[in-house]
Amino acid sequence: MKEKEALKPVHYTGMGKQVYRIGEASSDSELLLLKKGVWLYFFLLLFEGALRKWFFPGLATPLLIVRDPLALWLVLSVWQRGLLPSNIFMSGMITVGLFGVFTAVFFGHGNLYVALYGLRIFIIHFPFIFVIGRIFNRDDVLKLGKITLWLAVPMTILIALQFYSPQSAWVNRGVGGDMSGAGFGGAMGYFRPPATFSFTNGTTLFYGLVACFVFYFWFQLKNINRLVLIVATVALLAAIPLSISRTLFFQVIISLVFSIVAASKDTQFFGRMVLSCLAGFIALAILSQTSFFQTATEAFFARFDSANTQEGGLDGVLLDRYLGGLIGALTNSSDIPFFGYGLGMGTNVGSMLLAGKKEFLIAEEEWARTVGELGPLLGLSVIALRLCLSAKLTHASYSNLNQGNILPWMLLSLGLLTIPQAQWAQPTSLGFSVLIAGLIIASLRVPEPDASSS
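Below is a short write-up of the structure. Chains are numbered independently. Their residues run from 1 in the order of the written sequence. With pLDDT at 70 or above as the cut-off, local features in this predicted model cover only qualifying residues; side-chain atom pairs require 80 or more to be listed or tallied, and sums for whole chains, interfaces and linings still use all residues. Hydrogens are left out, water is left out, and the side-chain values use all remaining heavy atoms of the structure.

## Focus: the overall build of the protein
The helix and strand tally for the protein stands at 19 helices and 4 strands. In short, Shrake-Rupley with a 1.4 Å probe defines the accessible areas, and a residue's cover is counted only from the protein chains shown. Accessible area of the protein: about 19000 Å², with a carbon and sulfur share of 66%. Secondary structure elements follow DSSP: runs of H or I of four or more residues count as helices, runs of E of two or more count as strands, with numbering from the N terminus.

## Brief notes about the side chain of T428
With respect to the element layout, T428 can be found in helix α19 (residues 427-443). Each residue gets one of three labels from its accessible area relative to the maximum for its type: buried under 20%, exposed over 50%, partly exposed in between, using a 1.4 Å probe on protein chains only. A relative accessible area of 3% places T428 in the buried class. Leaving out residues up to four positions away in the same chain, T428 has contacts with L45, E48, R67, F197, N201, G202 and L205. By the convention used here, residues are in contact when the closest approach between their heavy atoms is within 4.5 Å.

## A closer look at a nonpolar patch on the surface
Together, F55, F56, L59 and W170 give the surface a local cluster of nonpolar side chains, amounting to about 430 Å² of exposed area. By secondary structure assignment, the location of W170 is in the loop between α8 (138-164) and β2 (184-187). Assessed through its relative accessible area of 39%, W170 is described here as partly exposed. Patch criteria: residues need more than 30% relative accessible area and no salt bridge. Like-charged residues are merged within 9 Å; nonpolar side chains of Val, Leu, Ile, Met, Phe, Trp and Tyr are merged within 5 Å. Definition used for salt bridges: Asp or Glu carboxyl oxygen within 4 Å of a side-chain nitrogen of Lys or Arg.

## Section: the packing of α8 against helix α9 (residues 201-219)
Every angle, taken between N-to-C directions, lies between 0 and 180 degrees, and every axis is a line fitted to C-alpha atoms, over only the stretch in contact when it is a helix. Direction vectors running N to C along α8 and α9 enclose 125°, while the axes themselves pass 9 Å from each other. As far as their axial angle goes, α9 and α8 are oblique. Seen along the crossing, α8 lies across α9 with a hand that is left-handed. In terms of residue class, the contact of α8 with α9 is built from 16 nonpolar, 4 polar and 2 charged. Roughly parallel here means an angle under 35 degrees, roughly antiparallel means over 145, roughly perpendicular means 65 to 115, and every remaining angle is called oblique. Each crossing gets its handedness from the near helix: less than a right angle anticlockwise from the far helix is left-handed, clockwise is right-handed. Amino acids outside the nonpolar list (Ala, Val, Leu, Ile, Met, Phe, Trp, Tyr, Cys, Pro) and the charged list (Asp, Glu, Lys, Arg) are all regarded as polar, and Gly is one of them.

## Considerations on the packing of aromatic side chains
Stacked, edge-to-face and tilted labels apply to pairs of Phe, Tyr and Trp rings (six-membered ring for Trp) whose centres lie within 6.5 Å, assigned for plane angles under 30 degrees, over 60, and everything in between, in that order. Tallied over the entire structure, the rule returns 27 aromatic pairs. Seen in terms of ring centroids, F163 and Y164 are 4.8 Å apart; in terms of plane orientation they differ by 75°. Their pairing is edge-to-face. Using a relative accessible area of 3% as the deciding quantity, one classes F163 as buried. Each member of the aromatic cluster is reached from another via a ring pair, and the members are F99, F102, F106, F107, F338 and F339. Note that R120 overlies the ring of Y117, its terminal NZ or CZ placed 4.2 Å from the centroid. In this arrangement the basic side chain of R386 is found over the ring face of W424, its NZ or CZ atom lying 3.5 Å from the centre. Sitting over a ring, as applied to charges here, requires NZ of Lys or CZ of Arg to be within 6 Å of the ring centre and within 35 degrees of the ring normal.

## Considerations on helix α11 (residues 246-263)
Working rule for helices: expected span equals 1.5 Å times residues minus one. The first and last C-alpha atoms of α11 sit 26 Å apart over 18 residues, in line with the 26 Å expected at 1.5 Å per residue. All buried positions along α11 are accounted for by R246, T247, L248, F250, Q251, V252, S255, F258, S259, A262 and A263. Two to three positions downstream of the cap, the backbone nitrogen of T247 sits 3.4 Å from a side-chain oxygen, assigning the N-cap of α11 to S245. Definition of a polar contact: a pair of N or O atoms within 3.5 Å, with one able to donate and the other able to accept a hydrogen when the atoms are protein atoms, and with sequence-neighbouring residues admitted only if both atoms are side-chain atoms.

## Let's talk about the nonpolar core
Ranked by size, the top nonpolar core spans 119 residues in total, and within it F128, L149 and L411 carry the most contacts. With 14 residues, the top contributor of residues to this core is α9. Not counting the four nearest positions on each side in its chain, L149 is found in contact with V210, F213, V214, F217, I224, V228, L229 and A232. Think of a nonpolar core as a cluster: buried Ala, Val, Leu, Ile, Met, Phe, Trp, Tyr and Cys residues, connected wherever their side-chain atoms sit within 4.5 Å.

## With respect to the pattern of salt bridges
Pairs can form between side chains of opposite charge once their charged atoms are near each other. Per the counting criterion, the structure on display carries 7 salt bridges. Note that K35 is salt-bridged to D140, the shortest N-O span being 2.9 Å. Of this pair, K35 sits in helix α3 (residues 28-55) while D140 sits in helix α8, and the two are 105 residues apart along the sequence. A relative accessible area of 6% means that K35 is categorised as buried. You can call D140 buried: its relative accessible area is 4%.

## Some words on the packing of helix α10 (residues 226-243) against α11
Where α10 contacts α11, the axes come no closer than 8 Å and their chain directions differ by 150°. By the angle between their directions, the pair α10 and α11 is classed as roughly antiparallel. At the point where α10 passes α11, the crossing takes the left-handed sense. Every residue of α11 that contacts α10 at L236, A239, I240 and S243 is listed here: L248, F249 and V252. Split into classes, the residues belonging to the contact of α10 with α11 amount to 6 nonpolar, 1 polar and no charged.

## Notes on the environment of G208
Within the secondary structure layout, G208 lies in helix α9. On the basis of relative accessible area, G208 is assigned to the buried category, the value being 1%. Taking C-alpha positions, G208 is 9.7 Å from G415, a pair spaced 207 residues apart along the chain. Among residues more than four places away in sequence, those in contact with G208 are L248, Q251 and L414.

## Topic: unusual backbone geometry
At A195, a position not held by glycine, the phi torsion is positive, near 55°. Checked against the element boundaries, A195 lands in the loop between β3 (190-192) and α9. The backbone of I244 sits at a positive phi, close to 50°, despite the residue not being glycine. One can find I244 in the loop between α10 and α11.

## Comments concerning the environment of F43
With respect to the secondary-structure elements, F43 resides in helix α3. Note on F43: relative accessible area 30%, which makes it partly exposed. For F43 and R67, which are 24 residues apart along the polypeptide, the C-alpha to C-alpha distance reads 9.9 Å. Excluding residues within four positions of it along the chain, F43 makes contact with I147 and L151.

## As for the environment of T394
By secondary structure assignment, the location of T394 is in helix α17 (residues 366-402). Classification of T394 as partly exposed rests on a relative accessible area of 25%. Discounting residues that sit within four places of it in the chain, T394 has contacts with L412 and L416. From its side chain, T394 meets the backbone oxygen of S390 in a polar contact 2.7 Å long.

Any functional reading would require information beyond the geometric quantities listed.
Okay, structure coming up:
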């Protein structure tokens with residue numbers, strides 16, 4: 001679709017015209033510049049860890065928030081043009097964030113800088129969800145998906161190198177050039193590889209996004225080079241054991257379940273679902289004959305078994321990792337001060353400024369951290385807003401699925417794992433949560449056919 005066509009009024013389905021109806025931007029060049037800004041945010045999300053580890057280790061600390069100025073500029077640019085939608089989600093988050101600064105300074109930890117660091121989540125990154133949804137449309141999301149599949153191949157090669165290399169190797173160097181390595185606890189003497197990210201959760205989130213697009217493009221083979229799709233599928237399957245990540249394994253299973261639901265809506269999609277499963281089985285059969293895959297699989301299952309034992313079996317794993325202590329945050333909220341301990345206190349930056357070291361001053365689980373920082377009233381309000389946004393996107397995505405638009409539904413398979421309870425205190429996790437939410441909204445924007453071409 002030409003850029004000029006992208007400036008025409010756009011048809012929306014599922015999210016409500018009063019919120020997502022858009023007029024024309026002031027010029028082609030302005031829209032193109034804003035789109036480039038979103039693309040830059042995407043690439044910085046993928047590679048800021050590489051900059052902090054390998055190329056500019058001396059700038060590791062300022063590069064931690066390298067996406068913040070870009071996101072702020074995009075939010076202000078879209079707002080100044082009158083294109084930023086007004087909705088209860090964004091208004092609610094901004095209000096809670098601003099009030100949270102006040103309560104943190106006067107009733108909490110008392111450090112303004114820590115409070116402002118926490119505020120950026122509410123007034124920059126959360127509104128950026130709707131900026132992505134406003135600047136991008138379905139065609140842009142598909143372009144990003146194709147790039148993601150291309151990147152999956154070198155990313156898998158990288159994590160294979162990290163998996164088999166010692167922690168002292170250059171590819172495993174940590175943030176700031178840390179020679180002790182960036183790998184995290186794995187099994188059988190192997191560590192979970194962080195790929196281009198600062199921490200291993202980035203690897204899991206990236207391949208979760210890859211899984212969404214892999215399953216989608218198996219439904220829409222005409223929109224992708226089949227060789228690229230096959231190689232990306234192999235890369236995804238190889239990444240599961242190489243990552244030694246149970247979370248990634250469950251994410252791929254959930255994407256598979258979402259694709260089965262999509263296949264049940266149309267008989268032609270069911271045939272393509274069978275084809276994708278067949279391709280996956282063939283890829284697994286080929287990979288299982290290689291020694292590198294066998295070793296990674298052994299380490300993965302060793303990690304799976306040991307972690308399951310520690311966490312009380314598979315039920316404990318699912319309850320803890322996918323509910324993330326959400327119920328505990330609710331039941332323990334009465335023990336927390338009404339205004340909480342202070343916005344930003346639960347972040348790594350907050351712990352460094354307040355305690356002089358990285359540690360969980362409040363809680364590791366997202367909901368418990370949110371309630372601990374903001375208190376029961378404000379904290380539960382944030383949780384409610386995140387849950388309501390997730391419900392709204394689920395309804396819109398399912399409605400579009402019934403209309404033949406599968407893309408938002410497949411993206412939702414990752415979105416429902418990140419939007420409600422991803423760790424927003426961690427920049428990479430925050431970035432992927434914002435990105436996937438914005439892409440879901442953008443994928444609901446299906447441009448109307450050009451009347452001149454009909």
